[in-house]
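# Fold and geometry: a report
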Amino acid sequence: MSDRKIPLAGVIGCPVAHSRSPQIQNHWLKTYEIAGYYVPMHVEPQDLETVIRSLPKAGFVGANVTIPHKEAVMQIADKVTDRATLMGAANTLIFREDGSVLADNTDGYGFITNLHQGAPDWKPNGGPALVLGAGGACRAVIASLVEAGVPEIMLSNRTRERADQLRKEFGKRIQVIDWVKAGNAVEDASLVVNATSLGMEGKRPLRVPMDGLQTSCVVTDLVYTPLKTDLIQAGEDAGCTVVDGLGMLLHQAVPGFERWFGQRPKVDEATRAAALA
Ligand code: NAP
């Protein structure tokens, strides 16, 4: 087989060493016996466009994009999907045969697929969701919850203006709640989502009181370091179904792998173990 037929992909970031994408993608390459490679690429912001334009010529079929390039790639790509436009950021690039670059965002897909897999009894139209945060990842959460048919989203963020902005963009199903009052909304929620960075290793703890959690509520956290955040622990203590954030990371990687390597990979225990290794 000619070298040119071996597909290459990678993750572009700055820094990039923290990314678990190489473990996940290489695990799938091995599992499905695909002759391909997936590598981490440290790229400084000023070099981003040159690198992206060069990669297809070097045999790359696509790439993931992480901090701080998720917004900048939208300006470089030749085509941006509606999803990525809605989210204002892209995490997956597809290099097409004509040399053009397509930018997509799979975070919303990853979030909702993880939720359905981890909480199969959760019904989107079963009641209001309480979402904490209003940053980049929260946008993906809101978009996917609206699309799934959640009737009401109670949104709370430290900086209220950012939540107000999301309400403007996503419409009246969003109800903005002051950050200091977020705990009062917990008892009405059938889904609680932490989309802030609070609770992550090295960050402050999430202090929104969770004593109102109903057993029927599903609790999920986007933070996955640690896997068992205080929120996930509070959910377990209240007898709720809990869904940790690692699954979102795994599921958001699926569409890219399928597009680049032609095989839809499964997210299973072996994939989780590979990501944690
Ligand atoms: P981001 O755009 O920087 O947003 C950070 C969010 O956290 C904002 O809502 C911010 O509120 C809030 N926040 C930060 N410090 C706070 C504090 N001291 N008190 C109250 N709120 C605070 O980050 P992001 O990209 O949305 O990511 C958010 C989290 O999701 C991160 O932990 C990230 O690792 C995780 N994530 C996980 C996945 C996954 O696959 N599981 C995917 C994407 C992201 P303000 O608006 O007031 O600053």
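Residues numbered from 1 in each chain as written. Predicted model: local features only at pLDDT ≥ 70, side-chain atom pairs only at ≥ 80, totals over all residues. Heavy atoms only, no water.

### Brief notes about unusual backbone geometry
This is how it is decided: The secondary structure listing takes helices from DSSP runs of H or I that are at least 4 residues long and strands from runs of E that are at least 2 residues long, numbered from the N terminus.
Along the chain, Cys14 connects to Pro15 via a cis peptide bond; the corresponding omega equals 10°. By the secondary structure assignment, Pro15 is in the loop between strand 1 (8-13) and helix 1 (21-31). Here the amide bond leading from Ile67 into Pro68 is cis, since omega sits at 0°, within 30 degrees of zero. Topologically, Pro68 is positioned in the loop between strand 3 (60-65) and helix 3 (72-76). Even without a glycine there, the phi angle at Glu33 is positive, about 50°. Considering the arrangement of structural elements, one finds Glu33 in the loop between helix 1 and strand 2 (37-42).

### Observations regarding the packing of aromatic side chains
Put simply, the rule reads: For Phe, Tyr and Trp, rings pair up if their centres lie within 6.5 Å, where Trp contributes its six-membered ring, and each pair is then called stacked (planes under 30 degrees apart), edge-to-face (over 60) or tilted (otherwise). Partly exposed describes any residue whose relative accessible area lies between the buried limit of under 20% and the exposed limit of over 50%, with all areas from a 1.4 Å probe on protein chains only and scaled to the type maximum.
A complete count under the given rule lists five aromatic pairs for this structure. Look at Phe257 and Phe261: their rings are 4.9 Å apart centre to centre, the planes differ by 50°, and that puts the pair in the tilted class. In this pair, Phe257 and Phe261 are both assigned in helix 10 (residues 254-261), four residues apart and thus about one turn of the helix distant. Given a relative accessible area of 0%, Phe257 falls into the buried group. These aromatic residues form a ring-pair network of at least three members: Trp28, Tyr32, Tyr38, Phe257, Trp260 and Phe261.

### Looking at helix 5 (residues 107-118)
We apply this condition: In a helix, the anticipated span is given by 1.5 Å times the number of residues less one. The contact rule is simple, with two residues in contact once any of their heavy atoms fall within 4.5 Å.
Taking 1.5 Å as the rise per residue, helix 5 with 12 residues should run 16 Å; its terminal C-alpha atoms sit 16 Å apart, in good agreement. Restricting attention to buried positions, one finds in helix 5 the residues Asp107, Gly108, Gly110, Phe111, Ile112, Thr113, Asn114 and Leu115. Elements that come into contact with the buried residues of helix 5 comprise helix 4 (82-87), helix 6 (136-148), strand 10 (191-194), strand 11 (218-221), strand 12 (241-243) and helix 9 (246-252).

### Observations concerning the sheet that holds strand 3
Note the threshold: Pairing between two strands is assigned when DSSP locates at least 2 bridges connecting them. Angles run from 0 to 180 degrees between N-to-C directions of axes, and those axes are lines fitted to C-alpha atoms, restricted for helices to the stretch in contact.
Taken together, six strands build an open sheet; the order of strands is 2-1-3-5-6-4 and the sheet is mixed. Each edge of the open sheet is held by one strand with a lone partner, namely strand 2 and strand 4 (79-80). Note: strand 4 against strand 6 (residues 101-104), two bridges, orientation parallel. If you follow Val80 over to strand 6, its bridge partner there is Ala103. With respect to the sheet, helix 10 is in contact with strand 1, strand 2, strand 3, strand 5 (92-95) and strand 6, its orientation differing from that of strand 5 by roughly 10°.

### Overview of the site of the ligand
Defined as follows: Near is defined per residue: the residue qualifies when any heavy atom it owns lies within 4 Å of the molecule or strand. Each polar contact in these results corresponds to two N or O atoms within 3.5 Å; when the atoms are within protein, one needs to be able to donate a hydrogen and the other to accept it, and residues that are neighboring in sequence are counted only if both atoms are side-chain atoms. For this classification, Asp, Glu, Lys and Arg are treated as charged, while Ala, Val, Leu, Ile, Met, Phe, Trp, Tyr, Cys and Pro are nonpolar and the rest, including Gly, are polar.
Around the ligand, a shell composed of 22 residues is seen, among which Ala137, Asn157, Arg158, Thr159 and Arg162 lie nearest. Contact distances for the ligand include 2.7 Å between an oxygen atom and a side-chain N or O atom of Asn157. In the environment of the ligand, an oxygen atom lies 3.2 Å from a nitrogen or oxygen atom belonging to the backbone of Leu249. Contributions of two or more residues to the shell around the ligand are made by helix 6 and helix 9. Here the shell around the ligand is built from residues that sort into 11 nonpolar, eight polar and three charged.

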